[in-house]
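Residues per chain, in single letters:
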Amino acid sequence: MATTYHDVFKAQIIFRLEEKKVHLLKCIDQLSEEDIWWRPNESSNSVGNILLHLCGNIGQYIISSLGQQPDIRERDVEFAARKGFDKNKLWKKMAATIEEACSVVAASSSEEMLRIRTVQGFEFSGLGVALHAVEHLSYHTGQVAYLVKLLKDRQIGLYDDFDLNQKNET
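The structure contained in this document is the topic of the report that follows.

As for unusual backbone geometry
Most of the time, phi is negative for any residue but glycine, and the peptide bond is trans. The phi dihedral of Gln68 falls on the positive side, at around 55 degrees, and the residue is not glycine. With respect to the helices and strands, the residue Gln68 is situated in the loop between helix H3 (47-66) and helix H4 (75-80). Of the residues examined, Gln68 reaches a relative accessible area of 52% and is grouped as exposed.

Here it is as structure tokens:
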């Protein structure tokens, strides 16, 4: 059981990363190969682009910055892609990125979580890096869910295993 702020924070970051991984899989499972690269218009991104973008962002923020690995991200490529990955390869890339990010977060020391660093020109602590990555993942998971609903005209069932009408316990 986590007993320090540091441990609780890391556990919550990992929980949210893993939760969004499950949500993304539920979305992707409902799409065909053609659906993955469909764009509502040229100003919008496909699910494939969003997944590549999330891999790049999580890789840059958590794996590279927090994990102190080289920054190999090519951001423009994430948005320029129109094909190149089938649904299974995209999912494996996304799942592996989230799993590696969870390992990096779990291994991060208190000092690393407090250290200030520059990512994409912004100054963040390790805490800020982790918060950004989770917020960014959640934001784009919502976009993917919306695209699935737009394409399939049905509920996705992200929270089917939960009773979201439960009242808070005091």
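Focus: the packing of H3 against helix H7 (residues 126-152)
For any two helices packed against each other, the geometry is given by the interaxial angle and the distance between the axes. Remark: H3 packs on H7, axes separated minimally by 10 Å, with the N-to-C direction vectors making an angle of 170 degrees. One finds that H3 runs roughly antiparallel with respect to H7. Contacts from Val47, Ile50, His53, Leu54, Asn57, Ile58, Tyr61, Ile62, Ser65 and Leu66 in H3 reach Gly126, Val129, His132, Ala133, His136, Leu137, His140, Gln143, Val144 and Leu147 in H7. Within the contact of H3 with H7, the residues separate by chemical class into 12 nonpolar, 8 polar and no charged.

Details of the pairing of strand S1 (residues 116-119)
Side chains Arg117 and Val119 of S1 all project onto a buried face; the interleaved residues Ile116 and Thr118 project onto a face where none is buried. Where S1 and strand S2 (residues 122-125) come together, 4 bridges link them in antiparallel fashion. Looking at S2, one finds that Val119 is bridged to Phe122.

Description of the nonpolar core
Residues Leu17, Leu24, Ile62 and Met94 are the most contacted members of the largest nonpolar core, which totals 45 residues. For this core, the elements supplying multiple residues, two or more each, are helix H1 (5-28), H3, helix H5 (87-107) and H7. Per element, the largest residue contribution to this core is 11 residues, and it comes from H3. With sequence-adjacent residues up to four places away left out, Leu24 is seen in contact with Leu51, Leu54, Trp91, Met94, Leu137, Thr141 and Val144.

So, the packing of H1 against H5
Their axes nearest at 9 Å, the elements H1 and H5 cross at an angle of 175 degrees. Relative to H5, the element H1 lies roughly antiparallel. Contacts from Lys10, Ile13, Ile14, Leu17, Glu18, Lys21, Leu24, Leu25 and Ile28 in H1 reach Lys87, Trp91, Met94, Ala95, Ile98, Glu99, Ala101, Cys102, Val105, Ala106 and Ala107 in H5. Across the contact of H1 with H5, the residue classes break down as 15 nonpolar, no polar and 5 charged.

Brief notes about the environment of Phe122
You can see Phe122 is positioned in strand S2. Given a relative accessible area of 48%, Phe122 falls into the partly exposed group. The residues contacting Phe122, other than those within four sequence positions of it, are Tyr61 and Arg117.

Regarding a nonpolar patch on the surface
On the surface, Trp38, Tyr146 and Leu150 cluster together to form a nonpolar patch covering roughly 320 Å² of accessible area. Locating Leu150 in the fold gives a position in helix H7.

A short note on H3
An ideal rise of 1.5 Å per residue puts 28 Å on 20 residues; H3 measures up with 26 Å between its terminal C-alpha atoms. Of all the bends in H3, the greatest measures close to 35 degrees and is centred on Gly59. The buried count for H3 comes to 20 of 20 residues, which makes it a mostly enclosed element. The N-cap of H3, judged by a side-chain oxygen 3.3 Å from the amide nitrogen of Gly48 a few residues on, is Ser46. Positioned one or two residues after H3, Gln68 has a phi angle of 55 degrees, which is positive.

Cut-offs applied
- Residues numbered from 1 in each chain as written.
- Predicted model: local features only at pLDDT ≥ 70, side-chain atom pairs only at ≥ 80, totals over all residues.
- Heavy atoms only, no water.
- Helix = DSSP H or I, 4+ residues; strand = E, 2+ residues; numbered from the N terminus.
- Buried < 20%, exposed > 50% of the residue type's maximum accessible area, 1.4 Å probe, protein only.
- Axes fitted to C-alpha atoms, helices over the stretch in contact; angles between N-to-C directions.
- Parallel < 35°, antiparallel > 145°, perpendicular 65-115°, else oblique.
- Contact = heavy atoms within 4.5 Å.
- Nonpolar A, V, L, I, M, F, W, Y, C, P; charged D, E, K, R; others polar.
- Pairing = 2+ DSSP bridges.
- Core = buried A, V, L, I, M, F, W, Y, C linked by side-chain atoms within 4.5 Å.
- Patch = residues over 30% accessible without salt bridge, like charges linked within 9 Å, V, L, I, M, F, W, Y side chains within 5 Å.
- Areas by Shrake-Rupley, 256 points an atom, 1.4 Å probe, with all protein chains shown as cover.
- Salt bridge = Lys/Arg side-chain N within 4 Å of Asp/Glu carboxyl O.
- Expected span 1.5 Å × (residues − 1).
- Bend = angle between axes of the 7 residues up to and from the residue.
- Polar contact = N/O pair within 3.5 Å; in protein donor to acceptor, adjacent residues only side chain to side chain.

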